[in-house]
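Read off the chains here:
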Amino acid sequence: MTTSCDVAIVGAGLGGCFLALLLGRGGRNVVVVEQGPAIPAAGADFVKPPGMGVLARHGLGDLVERHALKRDVVRYYHDGQAIQECRYPEGFLIRPYRELVEAIYSCCSMEGVEFWFDSRIERLEQDGDRVARLVLADGRELRPGAVVGADGTRSLIRQELGIDKESTAYPHLMRVATVPLTASVARLNRLYFNSDGWFSYLYPINEEQARVFVGLPLDDDEAVFGDGLDADALRGLITENDDAFDVLGPAHWQPIRVSAMRVPAYHQGNAALLGSAAFACHPMTGMGMSYTMHDAEILAGVICAADSDPALLEKGLETSYEPRRQAHAELIGYGDALAGTYHDKTAYLSTFREDLHVFGDTEPVGRGFVSVLR
Ligand SMILES: Cc1cc2nc3c(=O)[nH]c(=O)nc-3n(C[C@H](O)[C@H](O)[C@H](O)COP(=O)(O)OP(=O)(O)OC[C@H]3O[C@@H](n4cnc5c(N)ncnc54)[C@H](O)[C@@H]3O)c2cc1C
């Protein structure tokens, strides 16, 4: 069975859902193909001010904020001592990924966007450098005017287009756990580093639960997590959340290998890459979603303006969308630089860029505030 549409989006994560909503509102006939049975569960928690701005521009600010936690400060520690605070004048939001994406997804049905869940794209068929057909694993086919690969870090669309990625794995393994909320975590978001290059971040995700990240060099991870968490090993690192130690030991710690990823092009013919299919930066920048939403905004503008004209689409992608690689390159480079300083307080403080943490690549409205604590 072959279905025609204006735009096929592969992947129903934040990038795919947000783009689908904007294109649906722009009158495009959109099909989103998602291999999973529902919106993906795993992902980010923080929406920083640039992302809040994008959501507000599209009337989604209240919908997303309604059930989110709003915070306005993160305190940083090195070898157990508080070293700085980063303040967000407009605050930032904490909302678990699935809830955030579902809120956006729930608006898509009003715009006539079709979602095909449990449907995996298996290959592309090209006519010159244009994608003519997407072939699904169950034999169905899509004939789209434009294709967007919003299919995550292992993007099949990127591979089928022959766009090579350059990945650089960070030298630590991250572990994440969702634990019962304790009073100290409810009070303040705290990010810890130490001279061994360890880091940990603790924050609430709602009134009852907290998220805890621990990142250790590979050998240290084996020693600390190898036979179940040796929580005492973290006591020199996490110094102001004593009450959290009761819940860290029994928690389920999921390992996440994090890498930076760059690609040499974001589009080819009538196809474009979005979100984690296009770039990955160190998660501690907390900006991946904000940039992805802004990218989706630009991409939707290009696709709607082209109005099904292939030449206009290609020109718009080249002149308006491709330059986003520069903003991403700056963010990725910044994440790399920060990740290389976790062991060294002075280097960390001089590398830290308040503008990128608070405002990303957008024009600051007022300023964030970093106070260095001695
Ligand atoms: C540990 C970690 C923490 C992070 N924390 C933050 C944070 O706090 N704030 C922030 O802004 N950013 C953060 N990020 C980055 C953020 O998660 C990404 O920017 C964002 O999730 C990108 O969304 P996406 O839609 O591109 O990808 P995804 O959410 O990965 O969605 C891709 C979708 O494509 C589907 N798919 C894949 N292949 C196929 C196929 N062949 N056919 C059909 N469907 C397919 C997948 O099932 C998935 O649903 C973090 C990243 C990591 C790794």
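Residues numbered from 1 in each chain as written. Predicted model: local features only at pLDDT ≥ 70, side-chain atom pairs only at ≥ 80, totals over all residues. Heavy atoms only, no water.

**A word on the site of the ligand**
Surveying the vicinity of the ligand reveals 30 residues, the closest of which are Gly 15, Glu 34, Tyr 97, Ser 276 and Met 289. At 3.0 Å, a backbone N or O of Phe 46 approaches a nitrogen atom of the ligand. Relative to its unbound accessible surface of 1,000 Å², the ligand loses 83% to contact with the protein. Secondary-structure elements contributing two or more residues to the shell around the ligand are helix H1 (14-25) and helix H9 (288-306). It is H9 that contributes the most residues to the shell around the ligand, 4 residues altogether. Along the lines of polarity and charge, the residues of the shell around the ligand split into 14 nonpolar, 12 polar and 4 charged. (Near = heavy atom within 4 Å. Polar contact = N/O pair within 3.5 Å; in protein donor to acceptor, adjacent residues only side chain to side chain. Areas by Shrake-Rupley, 256 points an atom, 1.4 Å probe, with all protein chains shown as cover. Helix = DSSP H or I, 4+ residues; strand = E, 2+ residues; numbered from the N terminus. Nonpolar A, V, L, I, M, F, W, Y, C, P; charged D, E, K, R; others polar.)

**Some thoughts on the packing of H1 against helix H4 (residues 97-108)**
Relative to each other, H1 and H4 sit at 20 degrees, their axes nearing to 9 Å. Accordingly, the angle class assigned to the pair H1 and H4 is roughly parallel. Note that H1 runs across H4; the crossing there is left-handed. Within the contact between the two elements, H1 uses Leu 14, Cys 17, Phe 18, Ala 20 and Leu 21 and H4 uses Tyr 97, Leu 100, Val 101, Ile 104, Tyr 105, Cys 107 and Cys 108. (Axes fitted to C-alpha atoms, helices over the stretch in contact; angles between N-to-C directions. Parallel < 35°, antiparallel > 145°, perpendicular 65-115°, else oblique. Left-handed = near helix turned anticlockwise from the far one by under 90°. Contact = heavy atoms within 4.5 Å.)

**Regarding the pairing of strand E4 (residues 69-78)**
Within E4, 7 of the 10 residues are buried, which leaves the element mostly enclosed by the surrounding structure. Note that E4 and strand E5 (residues 81-94) share 9 bridges and pair antiparallel. By the bridge assignment for E5, Val 73 is matched with Arg 87. Two elements, E4 and strand E11 (residues 189-193), share 5 bridges in a ladder whose sense is parallel. In the sheet register, His 78 faces E11, and the bridge partner there is Phe 193. (Buried < 20%, exposed > 50% of the residue type's maximum accessible area, 1.4 Å probe, protein only. Pairing = 2+ DSSP bridges.)

**Observations regarding the domain arrangement of the protein**
When its domains are assigned, the protein resolves into domain 1 (2-71 + 93-165 + 263-343) and domain 2 (168-258). Measuring from the centre of the C-alpha atoms in domain 1 to the corresponding centre in domain 2 gives 30 Å. Here domain 1 meets domain 2 over a buried area of about 1,500 Å², counting both sides, of which 64% is carbon and sulfur. Per-residue buried area on domain 1 facing domain 2 is highest for Arg 71, Met 284 and Tyr 342; these three make up 37% of the total on that side. The tally of links between domain 1 and domain 2 comes to 1 salt bridge. Linking Asp 45 and Arg 211 is a salt bridge whose minimum nitrogen-to-oxygen distance equals 2.8 Å. Secondary-structure elements contributing two or more residues to the side of domain 1 that touches domain 2 are E4 and helix H11 (324-339). For the side of domain 1 that touches domain 2, a count of residues per class yields 10 nonpolar, 3 polar and 3 charged. (Domains from an automatic or database assignment. Buried area = accessible area lost by both parts, 1.4 Å probe. Salt bridge = Lys/Arg side-chain N within 4 Å of Asp/Glu carboxyl O.)

**Describing the environment of Ala 231**
Note on placement: Ala 231 falls in the loop between helix H7 (218-225) and helix H8 (245-248). Take Ala 231: its relative accessible area is 15%, and that puts it in the buried class. For the pair Ala 231 and Leu 14, spaced 217 residues apart in sequence, the C-alpha to C-alpha distance is 34 Å.

**Here's the deal with the pattern of salt bridges**
Tallied over the full model, the rule gives 21 salt bridges. Across the pair Arg 28 and Asp 307 runs a salt bridge, and its minimum N-O distance is 3.3 Å. Of the two residues, Arg 28 sits in the loop between H1 and strand E2 (30-33) while Asp 307 sits in the loop between H9 and helix H10 (310-321), which places them 279 residues apart along the sequence. Note on Asp 307: relative accessible area 51%, which makes it exposed.

**Concerning the nonpolar core**
Ile 9, Phe 18, Leu 19, Tyr 76, Leu 134, Ile 157 and Leu 299 are the most contacted members of the largest nonpolar core, which totals 108 residues. In terms of residue count, H9 provides more of this core than any other element does, 9 residues in total. Three or more residues apiece are contributed to this core by two domains, here domain 1 (2-71 + 93-165 + 263-343) and domain 2 (168-258). Filtering out sequence-adjacent residues up to four positions away, Tyr 76 remains in contact with Gln 81, Ala 82, Ile 83, Gln 84, Cys 86, Leu 191, Phe 193, Tyr 348, Phe 352 and His 357. Counting 24 residues, the second largest nonpolar core, distinct from the first, contains Val 185, Leu 202, Val 214 and Phe 245. (Core = buried A, V, L, I, M, F, W, Y, C linked by side-chain atoms within 4.5 Å.)

**Focus: the environment of Tyr 321**
Along the polypeptide, Tyr 321 turns up in helix H10. Exposure remark for Tyr 321: the relative accessible area of 0% places this residue in the buried category. Each C-alpha atom, one on Tyr 321 and one on Gly 301, is 9.6 Å from the other, the two residues being 20 residues apart in sequence. Those residues in contact with Tyr 321 that sit more than four places away from it in its chain are Tyr 266, Ala 272, Leu 273, Leu 274, Asp 295, Ile 298, Leu 299 and Gly 316.

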